[in-house]
Amino acid sequence: MAEPYRPAPEIEKLGDADGAPFYDAVAPASFPDHIVRYRNQRWATKVGLGDFTQDQWIAHFGKFEPLPDNLSKPLAVRYHGHQFRHYNPDIGDGRGFLFAQLRDEQDRLLDLGTKGSGQTPYSRMGDGRLTLKGGVREILATEMLEAQGVYTSKTFSLIETGEALERQDEPSPTRSAVMVRLSHSHVRFGVFQRLAFEKDEQSIGDLVDYCVRHFYPSLSDLSGEAKVTALFQAVVERTVRLAAQWMAAGFVHGVLNTDNMNVTGESFDYGPWRFAPTADPNFTAAYFDQTGLYAFGRQAEACAWNLAQLGGALSRIADTDALNTALKSFGERYEEVMADAYFQRLGIKRTGTDDFEFVMALMRWMTETGAPYEQLFFDWYGGPASQSRADTGRVGELYTQSKFDDARARLLAFEPVDEKRLAHDYFKSKRPCTMLIGEVEEIWDAIADADDWSLFEEKLRQIALMRDAYGFDASRYLTG
Ligand code: AMP
Ligand code: MG
């Protein structure tokens, strides 16, 4: 059912008349062309924007004419951040802005933010643009993660804009695009870091109030330091869950800088991401991550390090010991949330006893054997209910080796969460839907070489099937 459009430009209540110290009003770039390449009709309908004609879509999401009763001008959000552990005070929304804010049917506040919409005071030497390939990649990542049940931003719109861009890491000139993202806030850890850098305690407190009011309303009755610490505790919980979800999805974000981490624990900003073909902890996504700082197996550590920076910023207005206690819960919760995430993907019920130990043993086996990552979760969805599917599947011989005996015995002892889901067409195939780098490049090459979007469209259809088969409901992450 279509929901009503509910504008809610809440960010305007933050800062002085010009938005300082939180944001600056900016103007969008004007582009030579507007070709709609992707329109997320599913999510547009959920936020009351599904009825737009194609011309209206372009007017708002390509030319950025304000939405009714919403922000009158786009806002470039100010932030700093640690990039590969070095503090950078020169960043901020350099090629994007906050375009509009609205509420969903559960009254939650959502942002429509952009990528590639032009230069801002924070562009430094950059052109403020997004490559079409970058936009296509962000769609593929968000669609896939959503289908796997990961709490992620949604790609809302992608419009090709007819410019030729120069990039060092892509054959150039390359095509341009402007993207719109739907997400639960654009309050990055780095927004707090910037305010702490400026020693602006008043604004840190204001931003804490904003985050609690809109994203953690159950903490609204608290005040003073207790409220700050409780907010931090909640962000720690969301973030450790996100790290576990990335692991269970076999996903490597690639650039876990503090400006790419959201206080709602929602995964966002997809650059050089990759899905891991196997459970190799050293698998790295970004070619520029030469030390493997953000490798597959180090993502939880990166998240914890980033949380420590957020805690450091908050320590300007709250007790350090209390914040440290909250930070420690990252380690204490890790095993539980890892077990949750892996059991969710396997479609089996938690038992409580040794669940995490089982996950670790399974991961070790996967690492040793090089079992294809997504295939394992596909083959064993529902545990015992999938035994014959798994054994007769395309890597069935891996499961009949004695090395797998322990894992098999454990898997068969768990109860399926929802056995009926196995009747879905998705599970009739021999292969799961995957998003390995070779497939991504093949999809892009068809677009680049022949403007052929058929592989892209076909992949979106496969993902939709997968999403339907698993039926994960993204909103549930917000209730815990
Ligand atoms: P990212 O690596 O995309 O998370 O971006 C890190 C910082 O660099 C942010 O401040 C971005 O706004 C900025 N940035 C990245 N690409 C560009 C670009 N083409 N033009 C301007 N700023 C950019
Ligand atoms: Mg970023």
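Our subject is the structure that appears above.
Residues numbered from 1 in each chain as written. Chains lettered and ligands numbered in written order. Predicted model: local features only at pLDDT ≥ 70, side-chain atom pairs only at ≥ 80, totals over all residues. Heavy atoms only, no water.

A. Up close: the overall build of the chain. Check the secondary structure of the chain and you find 15 helices and 12 strands. Taking 2.2 N^0.38 as the reference for a compact globule, 480 residues should give roughly 23 Å; the C-alpha atoms of the chain span a radius of gyration of 22 Å, in line with that estimate. The principal-axis extents of the C-alpha atoms in the chain amount to approximately 70 × 60 × 45 Å. With 480 residues in all, the chain has 59% of them scored as buried. Of all intrachain contacts in the chain linking residues separated by at least 6 positions in sequence, the fraction that spans at least 24 positions is 71%. Roughly 19000 Å² of accessible area belongs to the chain as shown, and the carbon and sulfur atoms make up 50% of that amount. Each charge class in the chain was averaged separately, 52 positive and 71 negative side chains, and the resulting centres sit 2 Å apart. (Helix = DSSP H or I, 4+ residues; strand = E, 2+ residues; numbered from the N terminus. Rg over C-alpha atoms; globule rule 2.2 N^0.38 Å. Buried < 20%, exposed > 50% of the residue type's maximum accessible area, 1.4 Å probe, protein only. Contact = heavy atoms within 4.5 Å. Areas by Shrake-Rupley, 256 points an atom, 1.4 Å probe, with all protein chains shown as cover. Lys, Arg positive; Asp, Glu negative; His and termini not counted. Charge placed at Lys NZ, Arg CZ, Asp CG, Glu CD.)

B. Here's a closer look at helix α6 (residues 224-249). Taking 1.5 Å as the rise per residue, α6 with 26 residues should run 38 Å; its terminal C-alpha atoms sit 38 Å apart, in good agreement. Counted residue by residue, α6 has 22 buried out of 26 residues, so it is predominantly covered. Directly beyond the C-terminal end of α6, a positive phi value near 70° is found at Gly250. (Expected span 1.5 Å × (residues − 1).)

C. Seen up close, the pairing of strand β9 (residues 154-165). With 9 of 12 residues buried, β9 is to be regarded as a mostly interior element. Relative to β9, strand β2 (residues 35-39) runs antiparallel, the two sharing 4 bridges. If you follow Val36 over to β9, its bridge partner there is Ile159. Two strands pair when backbone bridges link them, and β9 and strand β10 (residues 174-183) are joined in this way by 8 bridges, in the antiparallel orientation. Opposite Thr155, over in β10, you have Arg181 as the bridge partner. (Pairing = 2+ DSSP bridges.)

D. Expanded view of the pattern of salt bridges. A complete count under the given rule lists 37 salt bridges for this structure. Glu146 is the salt-bridge partner of Arg42, the closest N and O atoms lying 2.8 Å from each other. Here Arg42, found in helix α1 (residues 41-46), pairs with Glu146, found in helix α3 (residues 132-147); they are 104 residues apart in sequence, far enough to count as distant. Owing to a relative accessible area of 9%, Glu146 belongs among the buried residues under this scheme. Between Lys227 and Asp209 there is a salt bridge whose closest N-O contact spans 2.9 Å. Of this pair, Lys227 sits in helix α6 while Asp209 sits in helix α5 (residues 201-215); the two residues are 18 residues apart in sequence, bridging distant segments of the chain. The structure contains a network of salt bridges with shared partners spanning Arg37, Glu160, Arg175 and Asp451. (Salt bridge = Lys/Arg side-chain N within 4 Å of Asp/Glu carboxyl O.)

E. Geometry of the site of ligand 1. Neighbouring residues of ligand 1: 17 residues in total, closest Gly92, Gly94, Arg124, Asp127 and Gly128. Between a nitrogen atom of ligand 1 and a main-chain N or O atom of Arg129, the distance comes to 3.5 Å. When isolated, ligand 1 has an accessible area of 480 Å², and the protein chains bury 79% of it. Its residues assigned to classes, the shell around ligand 1 comprises 2 nonpolar, 7 polar and 8 charged. (Near = heavy atom within 4 Å. Polar contact = N/O pair within 3.5 Å; in protein donor to acceptor, adjacent residues only side chain to side chain. Nonpolar A, V, L, I, M, F, W, Y, C, P; charged D, E, K, R; others polar.)

F. Quick peek at the coordination of the magnesium ion (ligand 2). Coordination of the magnesium ion (ligand 2) by the protein comes from Asn260 (OD1) and Asp269 (OD), over a distance range of 1.9 to 2.2 Å. For the residue pair Asn260 and Asp269, the accessibility class agrees, reading buried in each case. (Donors = N, O, S within 2.8 Å, 3.2 Å for Na, K, Ca; no water.)

G. Examining helix α8 (residues 320-346) more closely. In this model, α8 (27 residues) spans 39 Å end to end at C-alpha, consistent with the 39 Å of a helix rising 1.5 Å per residue. Where α8 bends most, the angle comes to about 50°, and this point is Arg333. Turning to α8, its buried residues number three or more, namely Leu323, Ala326, Ser329, Phe330, Val337, Met338, Ala339, Ala341, Tyr342, Phe343, Arg345 and Leu346. Once α8 ends, the next one or two residues include Gly347, with phi positive near 65°. (Bend = angle between axes of the 7 residues up to and from the residue.)

H. The packing of α5 against α6, seen in detail. Taken N-terminus to C-terminus, the directions of α5 and α6 make an angle of 55°; their axes are 10 Å apart at the nearest point. Here α5 is positioned oblique relative to α6, judged by the angle of their axes. Of the two possible hands of crossing, α5 and α6 adopt the one that is left-handed. Where α5 abuts α6, its residues Val208, Asp209, Cys211, Val212 and Phe215 lie against Lys227, Val228, Leu231 and Arg238. (Axes fitted to C-alpha atoms, helices over the stretch in contact; angles between N-to-C directions. Parallel < 35°, antiparallel > 145°, perpendicular 65-115°, else oblique. Left-handed = near helix turned anticlockwise from the far one by under 90°.)

I. Here's a closer look at the nonpolar core. One finds Phe192, Leu207 and Phe456 to be the most contacted residues of the largest nonpolar core, which totals 128 residues. Counting residues per element, this core draws most heavily on α6, at 15 residues. Beyond its immediate chain neighbours, meaning those up to four positions away, Phe456 contacts Arg37, Tyr38, Val136, Ile139, Leu140, Ile443 and Ile447. Ranked by size, the runner-up nonpolar core spans 27 residues in total, among them Ala29, Ala76, Phe97 and Ala100. (Core = buried A, V, L, I, M, F, W, Y, C linked by side-chain atoms within 4.5 Å.)

J. Representation of the environment of Glu332 in the model. By the element assignment, Glu332 lies in helix α8. Taking the C-alpha atoms as reference, Glu332 lies 10.0 Å from Val240; in sequence the two are 92 residues apart.

K. A look at the packing of aromatic side chains. Applying the stated criterion across every chain, the model contains 37 aromatic pairs. With centroids separated by 5.7 Å and ring planes inclined at 20°, the aromatic side chains of Phe378 and Phe427 adopt a geometry described as stacked. In this pair, Phe378 is assigned in helix α10 (residues 373-379) and Phe427 in the loop between α13 (405-413) and α14 (437-450), connecting sequence segments 49 residues apart. When sorted by exposure, Phe378 lands in the same class as Phe427, which is buried. Ring geometry for Trp380 against Tyr399: centres 5.5 Å apart, planes inclined by 80°, an arrangement best described as edge-to-face. Of this pair, Trp380 sits in the loop between α10 and α11 (387-391) while Tyr399 sits in helix α12 (residues 396-400); the two residues are 19 residues apart in sequence, bridging distant segments of the chain. Judged on exposure class, the residue Trp380 and its partner Tyr399 are both buried. Put simply, the rings of Phe52, Trp57, Phe61, Phe64, Phe97, Phe99 and Phe156 pair up and form one aromatic cluster. One cation-aromatic arrangement involves Arg137 over Trp273; the distance from NZ or CZ to the ring centre is 4.5 Å. (Phe/Tyr/Trp six-rings, centres within 6.5 Å; stacked < 30°, edge-to-face > 60°. Lys NZ or Arg CZ within 6 Å of the ring centre and 35° of its normal.)

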